[in-house]
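Residues per chain are reported as follows:
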Amino acid sequence: MAQAAETRKRGKSKEPLVNQPDLMGAYRTMLLIRRFEEKAGQLYGMGLIGGFCHLYIGQEAVVTGMQMAAGEGDQVITSYRDHGHMLAAGMEARGVMAELTGRSGGYSRGKGGSMHMFSKEKNFFGGHGIVGAQVSLGNGLAFSNMYRGNDRVSFTYFGEGASNQGQVYESFNLAALLKLPTVFVIENNRYGMGTSVERSSASHDLSKNGAPWGIPGLQVDGMDVLAVREAAETAVAHCRAGKGPYLLEVQTYRYRGHSMSDPARYRTREEVQAMRSQHDCIEGARHKLEALGVDETAFKAIDDEVKGIVQDAADFAQTSPEPDPAELWTDILVEG
Amino acid sequence: MATQILMPALSPTMTEGKLAKWLKAVGDDVKAGDVIAEIETDKATMEVEAVEEGKLAQILIAEGTEGVAVNTPIAVLSADGLVEVAAPARVAPAPVAAAPVAAVAIPAVAAEDKDWGPSKPITVREALRDAMALEMRRDGDVFLLGEEVAQYQGAYKISQGLLDEFGAKRVIDTPITEHGFTGMAVGAALNGLKPIVEFMTFNFAMQAMDQIINSAAKTLYMSGGQMGCPIVFRGPNGAASRVGAQHSQCYASWYAHVPGLKVVAPWSSADAKGLLRASIRDPNPVIFLENEILYGQTFDCPEDDDFILPIGKAKVERTGSHLTIVAFSIMVGVAMEAAKALAEQGIEAEVINLRSLRPLDTATIVESVKKTNRLVTVEEGWPFAGIGAEITMQIVEHAFDWLDAPPVRVHGMDVPLPYAANLEKLALPQPAWVVDAVKKIV
């Protein structure tokens, strides 16, 4: 009989976890993601970014906290709401922004767009546009780690909406069966496009969704970057010890619409405002840092640095040339 | 310094909209993230959020104005509330690209088959197993997974003995979970391993179609060439015998439609062995369409341990001067039987075994048709948008003036395959159908 899944609720992080340099780093990453996404929204409004553009604003603590527990060579794979994951994985803001504008300086040389970017160097495996597909692919990353006998772990992110796809459950079964070293991260931002989690999932505690296969799970406050880090460390330790997969339901919130053309009429302005004013992950981290004695000068320095990176990325994304027309016919097959 | 706020594009298709309402007045303080106005697009009413901080210094477009073009300045924001002239960030006009010209040239003929020395008769089943074993010995990154491939030794015994030789790490039984294990294999390939995915039949691969097309075939392109997918999807394709509509379908034209895939369809043991080895070594995703009825058939196959065939090169199985018959997989056998019957009547058919459907060896077909001036295509699958239709079009494009008669297609009937023995026989191409088709044009 399978061991009952370990499922408990993880709330606010405990004080001893607060380490000023780490938290400053997390604050900077979250701020970079937010400013980057705001700029992306602005460039979209100017018509410089086309098609679909899904912003991560509000959810920054999730990938930032997870990456705090990641080690060298661990892989990341996610859905189409992927700009934050790329920045947190260490990819350059310039290359990401230039891909958004469809320019040759982008990570996919303009051929992928917002939803399809990759970096072998940074172990970022996309960027996938079909809801749930990255979960099976993430199993494959974990499989390759196991096959090669290294101790790397793959981080497979998906939303609570994707968690209802059949292949997610196929993947849970396979991961548990083969003891794959993968952390499944459900980013529960409460709305799959316009449908609330209550209207889409009969499961009320998504961290238990892996329980039938004995996959341990935790619910995590995704607006608290240190709580995310703590849970991630538990999950990663489990995977690295060869005990198989781990599931985190990270409860978060997206401030913007599903994509740029979503008026978000399915929730009240008050609900959004309450999350922004009372639970914002960046504000929360800032308050903790202030309590640790970090002063305004230090914050200002980070603000200025981040602003500079984002402005440089935006400038690059507008000046990098469009891909050469010959690029239409390259990269269809590996030659030779 | 004042900055202009421009009419934003709020959907992928929006070119203009109505400025429905201002939610801030001149003189109001604005913070990043504040909603400043509502705009009606063709789809919905959207809120416009400020990106920068400042004081709303001027409203340039009054609320209620319709047809405001994207990028029109709608307001001025400044630090001190005073209006200064500042150039708005303009959108660089995109250069008008010339219509891309698709490559229509006939691809160069791949290297000729080399002489591989002595042959011996083996079954297609043995050829496939030997190919996998040889490649797995050669490259530790190659592994096989699928339903019943390991302990059961393969539903059709293609993987017989592989578990014993390579162990459970490299010969992996999966649960019946095509979508899940195909995605897992594709993910492993994106990370550099070289999986062979066995589908018990290609009918079940429809469950995994999204991973094959959207993940395996497109990632190289979407990643700007960074991330390839060296993977083989193999298994029996097409009708077997009396297994009904859901287990009897030819997927050749489905996969051959997709840029980013290679599609291979062997007939003989030599095809099976040489092409499977090439498919496993290929750095791209390869769809390898086998045929259950062929598994037990015996053909001569070169014994040389290095024997391999190039993907993309057809084989002329029989030379003839009166017409060209193009076929693939089990239909090559049907075409060969028909050619034998035709020869007895004094008609010499040239039979081309395509071996590979994508890339298609158009050069070999064109060369043959220029000689015979007549074309008959034979496939087991349905006719509409099928392989025969594509080959005919290739000939229209490249050898129209050499045709002395309209090309004719022989194909499976355009119905779900029936179970009843007599009906099934009426639905699948027989040598006699090919003979009849030839007689129409010779």
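Since we're looking at a predicted model, the values are computed, not measured.

**Student:** Tell me about the domain arrangement of chain B, residues and numbers included.
**Tutor:** Residue and element names in this part refer to chain B. Partitioning chain B into structural domains gives domain 1 (2-78), domain 2 (119-302) and domain 3 (315-441). With centres defined by C-alpha atoms, the gap from domain 2 to domain 3 works out at 26 Å. When the two sides are added together, the surface that domain 2 and domain 3 hide from each other amounts to roughly 2200 Å², 59% of it contributed by carbon and sulfur. The largest contributions to the domain 2 side of the interface with domain 3 come from Arg242, Ala265 and Trp267, which together make up 31% of the buried area. For the pair domain 2 and domain 3, the interface holds one salt bridge. Note that Arg355 is salt-bridged to Asp271, the shortest N-O span being 2.7 Å.

**Student:** Could you give an account of helix α7 (residues 269-281) of chain B, naming the residues involved and the relevant values?
**Tutor:** Residue and element names in this part refer to chain B. The end-to-end C-alpha distance of α7, which contains 13 residues, comes to 18 Å, matching closely the 18 Å that a straight helix rising 1.5 Å per residue would cover. A large share of α7 lies buried, amounting to twelve of its 13 residues. Turning to α7, its buried residues number three or more, namely Ser269, Ala270, Asp271, Ala272, Lys273, Gly274, Leu275, Leu276, Arg277, Ala278, Ser279 and Ile280.

**Student:** Which residues make up the pattern of salt bridges, and what values do they have?
**Tutor:** A complete count under the given rule lists 35 salt bridges over all chains for this structure. The salt bridge involving Arg28(A) is made with Glu305(A); its shortest N-O contact spans 2.8 Å. Of the two residues, Arg28(A) is situated in helix α1 (residues 20-45) and Glu305(A) in helix α11 (residues 296-319); the sequence distance between them amounts to 277 residues. By relative accessible area, Glu305(A) is classed as partly exposed at 35%. Measuring nitrogen to oxygen at the nearest pair gives 2.8 Å for the salt bridge that ties Glu198(B) to Arg234(B). On the criterion of sequence distance, the pair formed by Glu198(B) in strand β12 (residues 194-198) and Arg234(B) in strand β13 (residues 231-236) is long-range, its members being 36 residues apart. We classify Glu198(B) as buried; its relative accessible area is 4%. Residues participating in the shared-partner salt-bridge network are Arg109(A), Lys111(A), Glu327(A) and Asp331(A).

**Student:** Can you lay out the side chain of Glu380(B) for me, pointing to particular residues and giving the numbers?
**Tutor:** All names here are of chain B. Residue position: Glu380 is located in the loop between β21 (375-378) and α10 (387-399). For the buried residue Glu380, which engages in no salt bridge, the nearest side chain bearing the opposite charge is Arg242, 14 Å off. At a separation of 2.6 Å, a polar atom in the side chain of Glu380 contacts the main-chain amide nitrogen of Ala239. Residues within four places of Glu380 in sequence aside, it is in contact with Gly238, Ala239, Asn291, Ile330, Met331, Gly412, Leu428 and Pro429.

**Student:** I'd like to hear about the side chain of Lys313(B), residue by residue, with values.
**Tutor:** Residues and elements named next belong to chain B. Mapping Lys313 onto the fold places it in the loop between β16 (298-302) and β17 (315-318). The exposure class assigned to Lys313 is buried, which follows from its relative accessible area of 6%. Within the structure, the side chain of Lys313 is placed 3.3 Å from the side chain of Thr364, a separation counted as a polar contact.

**Student:** So, the sheet that holds strand β8 (residues 73-78) of chain B: which residues are in play, and what are the values?
**Tutor:** Pairing is antiparallel across the open sheet formed by four strands, whose spatial order is β1-β8-β6-β3 (chain B). Looking at which strands have only one partner, the edges of the open sheet turn out to be β1 (2-6) and β3 (29-30) of chain B.

**Student:** For the pairing of strand β15 (residues 285-290) of chain B, give the residues involved together with the corresponding values.
**Tutor:** All names here are of chain B. Extensive coverage of β15 is indicated by the burial of six of its six residues. Burial along β15 is two-sided: the face carrying Pro285, Ile287 and Leu289 and the face carrying Val286, Phe288 and Glu290 are both buried. With six bridges connecting them, β13 and β15 associate as parallel partners. Counted as the bridge partner of Val232 is Val286 from β15. Tracing the backbone out of strand β14 (residues 262-264), into α7 and back to the parallel element β15 gives a crossover that is right-handed.

**Student:** Now, about the interface of chain A and chain B: what can you tell me, with residues and values included?
**Tutor:** Contact with chain A, which involves 56 residues of that partner, is made by 67 residues of chain B. Each partner contributes to the roughly 5300 Å² buried at the junction of chain A and chain B, and carbon and sulfur atoms together form 60% of this total. Connecting chain A to chain B are two salt bridges. Put simply, Glu47(B) and Arg269(A) hold a salt bridge, and the shortest N to O gap is 2.7 Å. Here chain A and chain B share 24 residue pairs in polar contact (both at pLDDT 80 or more) between them. When residues of the side of chain A that touches chain B are traced back to their parent elements, those giving at least two are α1, β3 (124-127), α5 (133-148), α6 (166-178) and α9 (269-279) of chain A. Counting residues per element, the side of chain A that touches chain B draws most heavily on α5(A), at eleven residues. Across the side of chain A that touches chain B, the residue classes break down as 24 nonpolar, 18 polar and 14 charged.

**Student:** I'd like to hear about the environment of Asn150(A), residue by residue, with values.
**Tutor:** Residue and element names in this part refer to chain A. Assignment of secondary structure puts Asn150 in the loop between α5 and β4 (154-159). Residues Asn150 and Cys239, 89 residues apart in the sequence, show an inter-C-alpha distance of 12 Å. A polar contact is formed between the side chain of Asn150 and the backbone nitrogen of Arg152, at a distance of 3.1 Å.

**Student:** A description of the environment of Glu198(A) should follow, citing residues and the corresponding values.
**Tutor:** All names here are of chain A. Tracing the chain through its elements places Glu198 in helix α7 (residues 197-200). By relative accessible area, which is 58% here, Glu198 ends up exposed. As a C-alpha pair, Glu198 and Gly126 span 72 residues in sequence and 28 Å in three-dimensional space.

How each quantity is defined
- Here the residue numbering is sequential within each chain, running from 1 through the sequence in written order.
- For this description, chains carry letters from A and ligands carry numbers from 1, given in the order in which they are written.
- Residues qualify for local features only when their pLDDT is at least 70, as the model is predicted, and side-chain atom pairs are given and counted only at 80 or more; totals for whole chains, interfaces and linings, by contrast, use all residues.
- With hydrogens and water stripped out, all remaining heavy atoms of the structure feed into the side-chain values.
- Reported domain spans reflect what an automatic or database domain assignment gives.
- By convention, the term buried area covers the 1.4 Å-probe accessible surface removed from two parts as they join, with the contributions of both added.
- Think of a salt bridge as a Lys or Arg side-chain nitrogen and an Asp or Glu carboxyl oxygen that are within 4 Å of each other.
- In DSSP terms, a helix is any run of H or I states spanning at least four residues, a strand is any run of E spanning at least two, and both are numbered starting from the N terminus.
- By this rule the span expected of a helix is its residue count minus one, scaled by 1.5 Å.
- Each residue is placed in one exposure class: buried if its accessible area under a 1.4 Å probe, protein chains only, is under 20% of its type's maximum, exposed if it is over 50%, and partly exposed if it falls in between.
- Within this scheme the basic residues Lys and Arg register as positive and the acidic residues Asp and Glu register as negative, but His and the chain ends are omitted.
- For this analysis, a polar contact is any N or O atom pair within 3.5 Å, provided that within protein one partner can donate a hydrogen and the other can accept it, and provided that sequence-adjacent residues contribute only side-chain to side-chain pairs.
- Residues are treated as being in contact if the distance between any of their heavy atoms lies within 4.5 Å.
- Here, strands pair whenever DSSP counts at least two bridges between them.
- Note on handedness: a crossover is taken as right-handed if, strands pointing away from the viewer, the path from the first strand over the helix to the second is clockwise.
- Each residue gets one of three labels, nonpolar for Ala, Val, Leu, Ile, Met, Phe, Trp, Tyr, Cys and Pro, charged for Asp, Glu, Lys and Arg, and polar for the others, Gly among them.

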